[in-house]
Every structure is written in C-alpha cells, then in structure tokens.
Amino acid sequence: MRCILVGIKTKEKKDKELKQSLSELEGLVEAVEGVTLGKLYQKKDIPDPSTFIGKGKVKQLKELIEGTKADTVVFDADLTPVQITNIEKITQANVLDRTDLILQIFSQRAKTRQAKLQVELATLQHELPRVYGQKGKALSRIGGGMKTKGAGEKIGEIKVRTIKDRISKIKKELEKIKKQRYQQRKWRNKDPNILKVSLVGYTNAGKSTLLKKLTKRDTFVSDQLFATLDTKTSYIAFPDIGKKVLITDTVGFVKNMPKELMDAFMATLEELEDADLILHVIDISDENWVEKMEAVEDILKKINVSDKPLVVVLNKIDKLVPSPEYIEEADHTMLTGDRETVVISTEKGWNIDKLHNILRKYALRKDTVSVGG
Ligand SMILES: Nc1nc2c(ncn2[C@@H]2O[C@H](COP(=O)(O)OP(=O)(O)OP(=O)(O)O)[C@@H](O)[C@H]2O)c(=O)[nH]1
Ligand SMILES: [Mg+2]
C-alpha cells in the first residue's frame with residue numbers, strides 16, 4: 001500500500017495536534033505494512049459535502065498521487081460514502097479513512113474466533129453505508145435502459161441483504177461463544193513452567209521495541225522455535241530455573257478510537273485473559289502520560305483483567321535524564337500508585353536487567369502458586 005495522508009486543520013486544532021494526529025496515522029499505515037509517500041494539509045472548518053477537501057485540494061491530491069505513484073489516500077477523518085466515491089472517481093486511488101486502517105490492524109491481530117468475529121462485525125457495520133452508496137452509484141451510472149437499471153438495483157440490494165444476514169449471524173454466534181467461554185477457561189492448560197506475559201500500552205509507548213530488546217538479550221531465544229505461535233510472541237528462557245517467559249505484544253491504544261470499534265478493539269485484547277502478568281508500558285516523556293495511563297487502565301477494567309498482577313514500565317526515561325544515575329524511581333512510583341514500577345530506557349538499555357529480574361521473580365512465583373494450589 002503506497003499512501004498519501006490527508007490532514008484537516010480546523011480552527012480548534014492547533015498545529016501541534018494536527019502534526020501528532022498525522023504522525024499517529026502514519027504509524028497506523030506502517031502497522032499494516034504500508035508506506036507514506038506524502039502528506040497534504042488543508043485548512044477547513046466545514047468539510048465539503050461532496051469531496052471533504054476543497055476542489056482545488058482534490059486536484060493537488062491527484063497530482064501528488066500521480067507524481068508519487070501512490071495507490072491509496074488515507075484521510076485523517078471519517079468520510080461519508082458519497083465523499084469516498086467522489087474522491088476515488090477523481091483520483092483513481094483507493095480511499096481509506098482512519099477507521100478502515102484501524103480495522104485492518106485489528107483483523108491482522110485478531111486470533112481467537114471471538115476476536116475475528118468481533119472485527120468482522122465492526123468491518124461490516126462500517127461498510128454497510130458504503131454499499132448503500134454503491135447501490136445509488138450503480139443506478140445513476142447506468143441511468144438509461146430499464147433492463148440494466150433493474151439489474152444494478154438488484155445487485156446492490158443483494159449485497160445489502162447479504163451483509164445484514166451476516167451481521168445477524170455473527171451476533172448470534174458471538175452470544176453463543178460468550179456463554180461457552182466461561183466453561184472453557186476452567187479447563188485451560190496451566191503449565192507452571194511457562195509464565196505468560198502481555199505487553200499493553202498506548203500506541204508508541206515502546207512495546208514492540210521492548211519485546212525485541214527483552215528477548216534478544218537472551219542467547220537462547222529463537223523466534224523460529226515458536227513459528228506456530230503468532231509472530232508477535234517471543235520468549236525468554238531461564239534455563240537455570242527451568243522456566244520460560246512467553247511475552248506477547250498487543251495492539252496499541254490510539255487516540256480518536258472510533259466508538260463503534262471499541263468492542264472489536266477489546267476483542268483483540270482478549271488474550272489478556274490468559275496472561276499471568278501484565279506489563280503496562282508507558283512513555284514517561286509524553287506530557288500526557290498520566291492521562292494515557294488512565295485510559296489504558298480503564299480498558300483493562302472493562303475487560304475484567306484489572307485483578308491480574310501488573311507491573312508498570314515507565315519507558316523512554318533517556319528523553320528526560322542524561323544518564324541512568326539520574327533515575328529517581330521513588331518519585332515515579334508515587335505517581336503510579338502502589339503498583340510495582342520500573343523506570344527504563346529500552347533504547348539505551350537502562351534497567352532492562354531490572355525488568356528481566358522482575359520477570360524471573362514472577363516466573364518463580366507462578367510455580368509456587370501452582371504447587372500450593
Ligand atoms: N528515546 C527513546 N525512544 C524509544 C524508547 N523505546 C522505544 N522508543 C521509540 O518509540 C517509538 C515507538 O516504539 P514502538 O515499540 O513501535 O511502540 P509500540 O508501543 O509498539 O507502538 P504501537 O505498536 O503503535 O502500539 C519508536 O520510534 C522507538 O524507537 C526509549 O526507551 N527511548
Ligand atoms: Mg507495537
């Protein structure tokens with residue numbers, strides 16, 4: 001996917017917000033293995049009903065697409081079906097909005113049947129209005145002959161009906177799965193020698209980098225051994241105590257998460273139910289880190305995992321202090337309440353050993369708990 005990003009600047013939006021929002025969007029593009037070839041901004045308080053951005057901007061966009069050989073335009077906004085259709089017609093490129101991208105990421109990450117269905121449901125619900133739009137498009141394009149007009153209408157209607165049928169089927173199945181899950185959980189194999197750890201946190205907190213760092217430092221690590229597992233899972237071996245720590249990355253939290261995607265998002269986090277320990281990774285250099293931390297905690301509560309052991313990992317301390325001697329752990333721990341907290345820099349490798357030891361401690365503890373119970 002070769003993308004051009006389009007950001008809209010409204011009166012209330014500060015330049016900094018616009019930039020942050022677009023770079024977050026660029027991150028989403030990367031997450032679906034796309035590349036960003038260009039960015040376009042427009043000042044506009046009221047979107048154009050037919051093309052969202054103004055006519056002149058659309059022309060500029062078309063030129064940029066041709067110049068960069070892009071095939072996709074990603075809008076940092078939610079477009080109406082009419083706007084999508086029109087822009088696609090003019091630019092000959094695929095048009096996506098923020099929700100489309102997030103849905104693509106979710107569908108890549110969804111692993112369980114429930115998560116997959118939840119994402120499919122959200123995708124269909126997002127697509128339905130566009131199919132209505134297509135129905136209209138087919139009719140107006142064919143226009144003339146009665147015969148073809150009838151056929152066009154029929155195809156559109158069949159599509160709508162098929163989607164609606166699928167939606168109600170999925171909803172029924174999700175109900176069924178919900179009931180079964182409680183039973184299944186009781187039977188899940190609990191290997192005392194494997195500690196399952198999940199990394200959670202806001203997007204860009206450094207989860208994926210930390211996963212690499214934590215597992216790379218161990219010479220026993222080979223991702224290939226776990227080829228059947230999701231690629232986002234890696235492990236640390238502690239051969240001296242006969243333990244393995246299995247660490248799973250999760251989808252990051254994003255700003256402006258469309259409300260209709262919340263269920264699907266929470267479904268991608270479902271595997272957290274299996275976790276023995278949660279590492280909440282936070283970018284301590286982000287001025288809004290407390291707010292973001294609370295947003296993540298809210299979600300953890302909603303998916304009923306807030307009673308699990310959790311360690312707060314305050315990352316990127318290298319952006320605030322010049323060397324590890326300046327790390328004042330006590331100060332930060334005060335800010336995160338009574339939870340176990342470790343301040344690290346993944347990039348510089350500061351305190352990674354400390355975190356490693358915490359994982360080791362929990363791996364040992366799991367055994368004790370299992371033997372005891
Ligand atoms: N300065 C500094 N940068 C870091 C550190 N850890 C990670 N980063 C950078 O932060 C950015 C985001 O890191 P990721 O690991 O992709 O973040 P993530 O939490 O996986 O993000 P999502 O997958 O979007 O949820 C990257 O550019 C990293 O290089 C750190 O300790 N210090
Ligand atoms: Mg990541």
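Here's what I pulled together on the structure shown here. These figures come from a predicted structure and were not determined experimentally.

## Topic: the environment of E260
Phase 1: Take E260: it is sitting in the loop between β7 (243-248) and α8 (262-268).
Phase 2: Residue E260 is classed as partly exposed on the basis of its relative accessible area, which comes to 46%.
Phase 3: Each C-alpha atom of the pair E260 and Q125 lies 8.6 Å from the other, and the pair is 135 residues apart in sequence.
Phase 4: Not counting chain neighbours up to four residues away, the residues in contact with E260 comprise T99, A122 and H126.

## Describing helix α2 (residues 55-68)
Phase 1: The end-to-end C-alpha separation of α2 is 20 Å, in line with the 20 Å expected for 14 residues at 1.5 Å each.
Phase 2: Residues of α2 that are buried: K57, V58, L61 and I65. Taken end-on, α2 shows its buried residues confined to a sector of 100 degrees, consistent with a single buried face. Opposite its buried face, α2 presents the exposed residues K55, G56, K59, E66 and G67, each directed more than 90 degrees away.
Phase 3: Structurally, α2 contributes buried residues whose contacts are with β1 (2-9), β2 (35-43), β3 (72-75) and α3 (81-91).

## Describing the sheet that holds strand β8 (residues 277-283)
Phase 1: Sheet architecture is open: 6 strands sit in the order β6-β7-β5-β8-β9-β10, paired in mixed fashion. Two strands bound the open sheet, and with one partner strand each, they are β6 (233-238) and β10 (340-343). Between one strand and the next, the sheet's axes are offset by a mean angle of 25 degrees, whatever the strand orientation.
Phase 2: Summarising the sheet, strand β9 (residues 310-315) and β10 pair through 4 bridges and their orientation is parallel. Among the inter-strand pairings, L314 is bridged to a residue of β10, identified as V343.
Phase 3: Of the strands in this sheet, β5 (194-201), β8 and β9 are in contact with helix α9 (residues 289-302), which crosses β8 at around 155 degrees.

## Structural notes on the site of ligand 1
Phase 1: The full set close to ligand 1 counts 16 residues, and T203, K207, T209, D318 and T346 are the nearest of them.
Phase 2: With respect to ligand 1, the side chain of N315 contributes an N or O atom lying 3.1 Å from a nitrogen atom.
Phase 3: About the coverage of ligand 1: the protein hides 73% of its 660 Å² of free accessible area.
Phase 4: The element best represented in the shell around ligand 1 is helix α7 (residues 207-216), accounting for 3 residues.

## Digging into the packing of aromatic side chains
What describes a pair of aromatic rings is the distance from one ring centre to the other and the angle between the planes of the rings.
Phase 1: Summed over the entire model, instances satisfying the criterion amount to 1 aromatic pair.
Phase 2: When the ring of F52 is compared with that of F75, the centres are 6.1 Å apart and the planes differ by 70 degrees; the resulting orientation is edge-to-face. With F52 in the loop between β2 and α2 and F75 in strand β3, this residue pair connects regions lying 23 residues apart in the sequence. No difference in accessibility class separates F52 from F75, as the two residues are buried.
Phase 3: Between the NZ or CZ atom of R365 and the centre of the ring of Y362, over which it lies, the distance is 4.8 Å.

Parameters and conventions
Residues numbered from 1 in each chain as written. Chains lettered and ligands numbered in written order. Predicted model: local features only at pLDDT ≥ 70, side-chain atom pairs only at ≥ 80, totals over all residues. Heavy atoms only, no water. Helix = DSSP H or I, 4+ residues; strand = E, 2+ residues; numbered from the N terminus. Buried < 20%, exposed > 50% of the residue type's maximum accessible area, 1.4 Å probe, protein only. Contact = heavy atoms within 4.5 Å. Expected span 1.5 Å × (residues − 1). Arc of directions from axis to C-beta. Pairing = 2+ DSSP bridges. Axes fitted to C-alpha atoms, helices over the stretch in contact; angles between N-to-C directions. Near = heavy atom within 4 Å. Polar contact = N/O pair within 3.5 Å; in protein donor to acceptor, adjacent residues only side chain to side chain. Areas by Shrake-Rupley, 256 points an atom, 1.4 Å probe, with all protein chains shown as cover. Phe/Tyr/Trp six-rings, centres within 6.5 Å; stacked < 30°, edge-to-face > 60°. Lys NZ or Arg CZ within 6 Å of the ring centre and 35° of its normal.

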